[in-house]
Amino acid sequence: MTTSIVLENVTKNFTLQYHRTFKQVTVAMARRQQIAHTFRAVDDVTFNVEQGEAIGLMGLNGSGKSTLLKMINGVMRPDSGRVLTRGRIAGLIATGAGFHPQLSGRENLILNAAILGMSERETARKFDEIVEFSGLEHKLETQVGHYSSGQQSRLGFSVAIHVDSDIFLADEALAVGDAPFRRKCVKKMEEIRQSGRTLFYVSHSAGSVRNTCTRVVVLEEGKRVFDGDVDEGIRFLHYDDGEGEDGMEEMDDFDMDEGDMGGDAF
């Protein structure tokens, strides 16, 4: 089989600043108080993903899932180790990523599609389908700055999920909206999996992971603590399978990340 994603001893650290202004820092230093704290968000993670696999990345809040997703996407570099990917990557990893608040939904759709590598002809061909999927036809000419965060995520997710990619990254925390929209997201990701593309899905939902994924990777405090069968991974986390009929939950799993741009490929 062809290897789609390779992570080799990937580590990422962040520094949390306790004081913002020069005066606050000076006073804290004079009092011998701690002014910053460095923590490890991802700690020496290694695993491979084969083309066509559907990986469910799970773990408690703050375990490093979103940070790892951003490094796979290439918008953040590891401090040590390597992240290698093969082919085009698409997906939504941050609310409103790539959107300009003063541009309309139509203009941002076209801009976002270009950022994700879609040609002008491809965007024109898929435009109506993307708009219909988002359910934002009535707000297409409105400035995105007037959208709610949920509406921005819906538009961004709708563009990303229609990109012809080899790898699709999905953060469940960003698949927001009402139950019908979340069901559409689940159905579309199932189509992605069946098409032979690689799916990397960050989720808390045992039901949607069980229905969508073929393998589970669990992170705990940045470390890979489980990698294997889906049901075994869910049992490892002691997750209850009590979601609603749509199989998705709205979770608040954003990591506080800042990083530099870039990524590597095979």
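Residues numbered from 1 in each chain as written. Predicted model: local features only at pLDDT ≥ 70, side-chain atom pairs only at ≥ 80, totals over all residues. Heavy atoms only, no water.

Describing the overall build of the protein chain
- For the protein chain, the count of helices and strands is eight helices and ten strands.
- A burial count over the protein chain gives 50% of its 266 residues as buried.
- Long-range contacts, defined here as pairs at least 24 residues apart, represent 75% of the contacts in the protein chain between residues at least 6 apart.
- In the structure as shown, the protein chain presents an accessible area of about 13,100 Å², 48% of it carried by carbon and sulfur atoms. (Helix = DSSP H or I, 4+ residues; strand = E, 2+ residues; numbered from the N terminus. Buried < 20%, exposed > 50% of the residue type's maximum accessible area, 1.4 Å probe, protein only. Contact = heavy atoms within 4.5 Å. Areas by Shrake-Rupley, 256 points an atom, 1.4 Å probe, with all protein chains shown as cover.)

With respect to the environment of Ser4
- Along the chain, Ser4 turns up in strand β1 (residues 3-17).
- Ser4 sits 80 residues away from Leu84 along the chain, and the two C-alpha atoms are 8.2 Å apart.

So, the confidence of the model for the protein chain
- Per-residue confidence for the protein chain averages 82 on the pLDDT scale, and 79% of its residues sit at or above 70.
- Low pLDDT (under 50) marks residues 243-262, which in the prediction has 64 contacts with non-local residues, meaning those over four places away or in another chain. (pLDDT = per-residue confidence, 0-100.)

Description of the pattern of salt bridges
- If you walk through the whole model with that rule in mind, you get 14 salt bridges.
- One salt bridge in this structure joins Lys188 and Glu129, with 3.8 Å as the shortest N-O distance. Here Glu129 lies in helix α4 (residues 120-134) and Lys188 lies in helix α6 (residues 179-194), a separation of 59 residues in the sequence.
- One salt bridge in this structure joins Asp231 and Arg210, with 2.8 Å as the shortest N-O distance. Residue Asp231 is found in helix α8 (residues 230-237), and its partner Arg210 is found in helix α7 (residues 206-212); the two are separated by 21 residues along the sequence. (Salt bridge = Lys/Arg side-chain N within 4 Å of Asp/Glu carboxyl O.)

Comments concerning the packing of helix α3 (residues 105-115) against α4
- Two elements in contact, α3 and α4, have axes whose closest approach is 11 Å; the angle formed by their N-to-C orientations is 125°. When the interaxial angle is binned, α3 and α4 end up oblique. For the pair α3 and α4, the sense of crossing is right-handed. Each of Arg106, Leu109, Ile110 and Ala113 in α3 lies in contact with α4, whose residues at this interface are Thr123, Phe127, Ile130 and Val131.
- For the contact of α3 with α4, the per-class residue count stands at six nonpolar, one polar and one charged. (Axes fitted to C-alpha atoms, helices over the stretch in contact; angles between N-to-C directions. Parallel < 35°, antiparallel > 145°, perpendicular 65-115°, else oblique. Left-handed = near helix turned anticlockwise from the far one by under 90°. Nonpolar A, V, L, I, M, F, W, Y, C, P; charged D, E, K, R; others polar.)

Here's the deal with the pairing of strand β9 (residues 223-228)
- Relative to β9, strand β8 (residues 215-220) is paired through five bridges, and the arrangement is antiparallel. In the strand pairing of β9, Val216 is matched with Gly228.
- Hairpin connection of β8 to β9: two residues between the antiparallel strands, including Glu221 at a positive phi of 50°. (Pairing = 2+ DSSP bridges.)

Side note on α4
- With 15 residues, α4 ought to run about 21 Å at 1.5 Å a step, and its terminal C-alpha atoms sit 20 Å apart, in line with that.
- Of all bends in α4, the biggest is about 50°, found at Lys126.
- Check the buried side of α4 and you find it contacts α3, α5 (149-160) and α6. (Expected span 1.5 Å × (residues − 1). Bend = angle between axes of the 7 residues up to and from the residue.)

Thoughts on the packing of aromatic side chains
- For the structure shown, the criterion picks out four aromatic pairs.
- For the ring pair Phe14 and Phe39, a centre distance of 6.0 Å and an interplane angle of 40° mean the geometry is tilted. Separated by 25 residues along the polypeptide, Phe14 in strand β1 and Phe39 in strand β2 (residues 36-50) bring together distant segments of the chain.
- For the cation-ring pair, Lys184 lies above Phe133, with the distance from its terminal atom to the ring centre recorded as 4.9 Å. (Phe/Tyr/Trp six-rings, centres within 6.5 Å; stacked < 30°, edge-to-face > 60°. Lys NZ or Arg CZ within 6 Å of the ring centre and 35° of its normal.)

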